[in-house]
Amino acid sequence: MKKIVLFSAAAAMVLASCVGNPEGKKAETTDSVETVDQVVGEAYTVDAAESTLVWTGTKVTGAHTGTVNVKSGSIHVDNGAITGGSFVLDMTSINSTDLDGEYKEKLDGHLKADDFFAVAEYPEASFVITDVKAGATANDAVISGNLTIKGISKNITFDAKVDEVTDATVKTTSDFNIAREDWGVNYSGKQDDLISKEINFKVTVVAKK
């Protein structure tokens, strides 16, 4: 019996080591920071229909991809540079796009349940920009902000592309990973099909006057 237990533990460790995180640079994560009440610059309103968040999670046997709807938000711009912004995500809209039918319903339901994002209690997530630094080129920026999921706020820093800034429209894109356990998403997966500790987010934000 002892040998079986030891074998099972060893097998679990081997499987855990086989779970690769999705492609993407992990965002630097620290405690949340204080936000300012007033942001310099003109406000552009986020176009929820044109803005997207695509997520990817991996596990031993493969990966799943899906979306979360951007509900609302704004971006502030001063002299052609982003100075701040805030965004709200509709967590009840979690939607896996790589599955159909019964399997899709089961995964979507599990992601919305307490094991993952507990959307009945926390129907929204949010991101508030706390700092913007210039990147390597005029179209690059390094953005920091408080990301709140399941009522837990952490400050994350990631690279972003400023694809468009005009008098009418602002468009940014970013691609980064977060460690889900930092926001209380602790479900590890089945013993023989463990899931990755990081989630990848590909975010496109379009805002207009």
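Everything below is about the structure printed above this text.
Residues numbered from 1 in each chain as written. Predicted model: local features only at pLDDT ≥ 70, side-chain atom pairs only at ≥ 80, totals over all residues. Heavy atoms only, no water.

A.B. asks: I'm lost on the layout of surface pockets in this one. Help?
C.D. replies: Reported here for the largest pocket is a volume of approximately 1100 Å³. Broken down by class, the residue content of the lining of the largest pocket amounts to 33 nonpolar, 11 polar and 6 charged. (1 Å grid on protein atoms, 1.4 Å probe; cavity = no way out; pocket = protein on both sides within 12 Å on 5 of 7 lines; lining within 4 Å. Points joined across faces, edges and corners; volume = space filled by probe spheres on them. Nonpolar A, V, L, I, M, F, W, Y, C, P; charged D, E, K, R; others polar.)

A.B. asks: It is not clear to me how the pattern of salt bridges should be interpreted in this structure. Could you clarify?
C.D. replies: Close approach of charged atoms allows side chains with opposite charge to pair. Tallied over the full model, the rule gives 12 salt bridges. For D108, the salt bridge identified is with K104, shortest N-O distance 3.0 Å. Placement of both D108 and K104 in helix α2 (residues 101-112) is noted, with a separation of 4 residues, approximately one turn of the helix. For the salt bridge of E181 with K197, the shortest nitrogen-to-oxygen distance reads 3.3 Å. Taken together, the residues span a long stretch of sequence, with E181 in the loop between β9 (169-179) and β10 (189-190) and K197 in the loop between β11 (193-194) and β12 (198-208) at a distance of 16 residues. Under the relative-accessibility criterion, E181 is labelled partly exposed at 39%. Taken together, the shared-partner salt bridges connect D47, E50 and K208 into one network. (Salt bridge = Lys/Arg side-chain N within 4 Å of Asp/Glu carboxyl O. Helix = DSSP H or I, 4+ residues; strand = E, 2+ residues; numbered from the N terminus. Buried < 20%, exposed > 50% of the residue type's maximum accessible area, 1.4 Å probe, protein only.)

A.B. asks: Is there a simple way to think about the packing of aromatic side chains in this case?
C.D. replies: Each pair of aromatic rings is reported with the distance of its centres and the angle of its planes. Inspection of every chain in the model, using the stated rule, returns 6 aromatic pairs. Plain terms: the ring middles of F158 and F176 are 4.3 Å apart, the flat faces sit at 20 degrees to each other, and that makes the pair stacked. Of this pair, F158 sits in strand β8 (residues 152-165) while F176 is found in strand β9, placing the two residues 18 residues apart along the sequence. Judged by relative accessible area, F176 falls into the buried class, the value being 6%. Their ring planes at 90 degrees and their centres at 6.0 Å tell us that F176 and F201 sit as a pair that is edge-to-face. You can see F176 sitting in strand β9 and its partner F201 sitting in strand β12, a full 25 residues away along the chain. A residue is classified by how much of its surface remains accessible, and F201, at 11% relative accessible area, is buried. Feature note: the residues F87, F127, F158, F176 and F201 constitute an aromatic cluster, connected by ring pairs. (Phe/Tyr/Trp six-rings, centres within 6.5 Å; stacked < 30°, edge-to-face > 60°.)

A.B. asks: Explain the environment of T83 to me, please; I cannot follow it from the model alone.
C.D. replies: For T83, the position within the fold is in strand β5 (residues 81-96). Take T83: its relative accessible area is 30%, and that puts it in the partly exposed class. Separated by 44 residues in sequence, T83 and V39 place their C-alpha atoms 6.9 Å apart. Among all residues touching T83, those that are not within four sequence positions of it are V39, V40, G41, H76, V77, D78 and V132. A polar side-chain atom of T83 sits 2.4 Å from the main-chain carbonyl oxygen of V40. (Contact = heavy atoms within 4.5 Å. Polar contact = N/O pair within 3.5 Å; in protein donor to acceptor, adjacent residues only side chain to side chain.)

A.B. asks: Explain the environment of K161 to me, please; I cannot follow it from the model alone.
C.D. replies: Turning to its location among the elements, K161 is positioned in strand β8. On the accessibility criterion, K161 (41% relative accessible area) is partly exposed. Through-space distance from the C-alpha of K161 to that of K171 is 8.5 Å; in sequence the pair is 10 residues apart. The contacts of K161, once residues within four sequence positions are left out, are N139, D140, K171, T172 and T173.

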